[in-house]
Amino acid sequence: MSILAESVAGYLEHASWIRRMFEAGGQLKARYGAENVYDFSLGNPDLPAPPAVAEGLKAFAEHAHEPFAFGYMPNGGYPWAREKLAAHLSHEQGAHIAAEDVILGCGAAGVLNAFLRAVLNPGEEMLAFAPYFVEYGFYVSNHGGVFKAVPSKKDTFAPDLDALEAAITEKTRVVLINSPHNPTGVVYKRKEVAAIADLLLNKSQQYGKPIWLISDEPYRFLAYDGVEVPSVLPLYPYAVAISSFSKSLSLPGERLGYAAVSPLLPKEEKAQLMAGLTLTNRILGFVNPPVVGQHIMAAALGSQVDLSIYAARRKAMAEVLTEAGYEFQMPAGAFYFFPKAPGGDDVSFVNALLEERILAVPGTGFGCPGHFRLAFCVDESVIRNAAEGFAKARATVK
Ligand code: PLP
């Protein structure tokens, strides 16, 4: 008999592909040396945080001896931090965002959980396009909801509006989109996002209850060649942008995230939602967002990691994959490639890459077999040095 809840024991038994790769990578690194293993499995940004982060940290350290420097605060974050973030987001999102429209929490992951806890009734559904960030399913079931994947358009991974429309039922409470997208690097176009908002407006009317639209957007800052990342907030009253500084400031371990609600949301409902989120931030045990993170954020808002480094790596990876004969779509944003698995079987192809000491994650782990994900948060030399292995693995499949 397991001492664990059945669901958790089940999760452990079917360990995620990212975790399996992490373990396989550890063994390869111990055997061949870390420099001889080409690890594209993790979306853990390797770039240093921009200088404003260290400056904010130093400025805060000057006050660290004061009473309550690390004290509890309102559950949605310091009022001054919310004000600063709101001013920044108004500019970024092209919509007037007030301090009472934003709430801070523990990473995008923590805020997604706080939001789902606040809105889901047992058995209600959240829909997201496949492929998808695998954690979504866990987050939804944490709160008694049901996660449903909707296929995106074949090969382009653009949102399939017909498939979304067909999947929405009276049980649908939330639709989540993620752009720039993990794992495909796709950035949704303005007309696609507007069409999703229109569909949800119609469906909300049809079922007589609002369907929330979450835009999970920790990669918003990272779009290449001037591609636009349209905001959902001015388009739909029940839209919420959820994000963090994990990627834009390379701060994933500091766990600061936020939600910003549409300024179109009627005032009373907004007050209700914010009260709900403040409560769920607390009762999920997050209590409040990290103190240090908020000080860093205030000093570093508007800064970001050096995007030209990601752009150069993207170019290098595209060259390596093209040279070796892989089929892929150039990512318009984020730091992932999602090529087709030669031969069609992503799991066996990822094993062929492992033979070359290359770590990748099969698309199966993202609800999309037949592809595999490569994260390029690694030095450009790792990409170049993996070229031979990519070519050899490719040659094993006709
Ligand atoms: N959403 C997506 C699509 C992600 O890729 C990630 C992290 O990789 C997250 C959410 C969670 O980010 P955070 O570190 O802010 O919790």
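Just so you know, these numbers come straight off a predicted model, no measurement behind them.

1. Section: the nonpolar core
Grouped together as the largest cluster of nonpolar side chains are 124 residues, with contacts concentrated most on Phe 40 and Phe 390. Among the elements that line this core, the one with the most residues is helix α11 (residues 307-324), at 7 residues. Both domains that meet at this core, namely domain 1 (6-49 + 306-395) and domain 2 (52-300), each give it at least three residues. Excluding residues within four positions of it along the chain, Phe 40 makes contact with Met 317, Ile 358, Leu 359, Arg 373, Leu 374, Ala 375, Val 378, Val 382, Ile 383, Ala 386 and Phe 390.

2. Examining the site of the ligand
Around the ligand, a shell composed of 14 residues is seen, among which Asp 216, Tyr 219, Ser 244, Ser 246 and Arg 255 lie nearest. At 2.9 Å from an oxygen atom of the ligand is found a main-chain nitrogen or oxygen belonging to Ala 109. At 2.6 Å, a side-chain N or O of Asp 216 approaches a nitrogen atom of the ligand. Contact with the protein chains hides 92% of the accessible area of the ligand, taken as 400 Å² for the molecule alone. Of all the cavities here, the one that holds the ligand is the largest pocket. Among the residues making up the shell around the ligand, the classes are represented as 6 nonpolar, 5 polar and 3 charged.

3. A short note on the packing of α11 against helix α14 (residues 387-395)
Between two packed helices, both the angle of their axes relative to each other and the distance between the axes serve to describe the pair. Between α11 and α14, whose axes approach to 9 Å, the crossing angle comes to 35°. Note on packing geometry: the crossing formed by α11 with α14 is right-handed. Note on element contacts: α14 touches α11 through Ala 387, Phe 390, Ala 391 and Arg 394, opposite Met 317, Val 320, Leu 321 and Ala 324.

4. Focus: unusual backbone geometry
Omega for the peptide link from Ser 179 to Pro 180 comes to -10°, which places this bond in the cis form. Mapped onto the elements of the fold, Pro 180 is located in the loop between β5 (172-178) and α8 (190-207). Cis geometry is adopted by the peptide bond preceding Pro 183, which originates at Asn 182 and carries an omega value of 20°. Unusually for a residue other than glycine, Ala 334 sits at a positive phi of about 60°. Considering the arrangement of structural elements, one finds Ala 334 in the loop between α11 and β9 (336-337).

5. A word on the UniProt feature "domain: Aminotransferase class I/classII large" (unreviewed entry) in the chain
Under the local residue numbering, the UniProt record ascribes the feature "domain: Aminotransferase class I/classII large" (unreviewed entry) to residues 36-388. Here residues 36-388 runs as 38% helix and 14% strand, with 12 Å between its end C-alpha atoms.

Analysis parameters
Residues numbered from 1 in each chain as written. Predicted model: local features only at pLDDT ≥ 70, side-chain atom pairs only at ≥ 80, totals over all residues. Heavy atoms only, no water. Core = buried A, V, L, I, M, F, W, Y, C linked by side-chain atoms within 4.5 Å. Buried < 20%, exposed > 50% of the residue type's maximum accessible area, 1.4 Å probe, protein only. Helix = DSSP H or I, 4+ residues; strand = E, 2+ residues; numbered from the N terminus. Domains from an automatic or database assignment. Contact = heavy atoms within 4.5 Å. Near = heavy atom within 4 Å. Polar contact = N/O pair within 3.5 Å; in protein donor to acceptor, adjacent residues only side chain to side chain. Areas by Shrake-Rupley, 256 points an atom, 1.4 Å probe, with all protein chains shown as cover. 1 Å grid on protein atoms, 1.4 Å probe; cavity = no way out; pocket = protein on both sides within 12 Å on 5 of 7 lines; lining within 4 Å. Sits in = over half its atoms within 2 Å of the grid points. Nonpolar A, V, L, I, M, F, W, Y, C, P; charged D, E, K, R; others polar. Axes fitted to C-alpha atoms, helices over the stretch in contact; angles between N-to-C directions. Left-handed = near helix turned anticlockwise from the far one by under 90°. UniProt positions renumbered as here; feature names shortened; annotations may be inferred.

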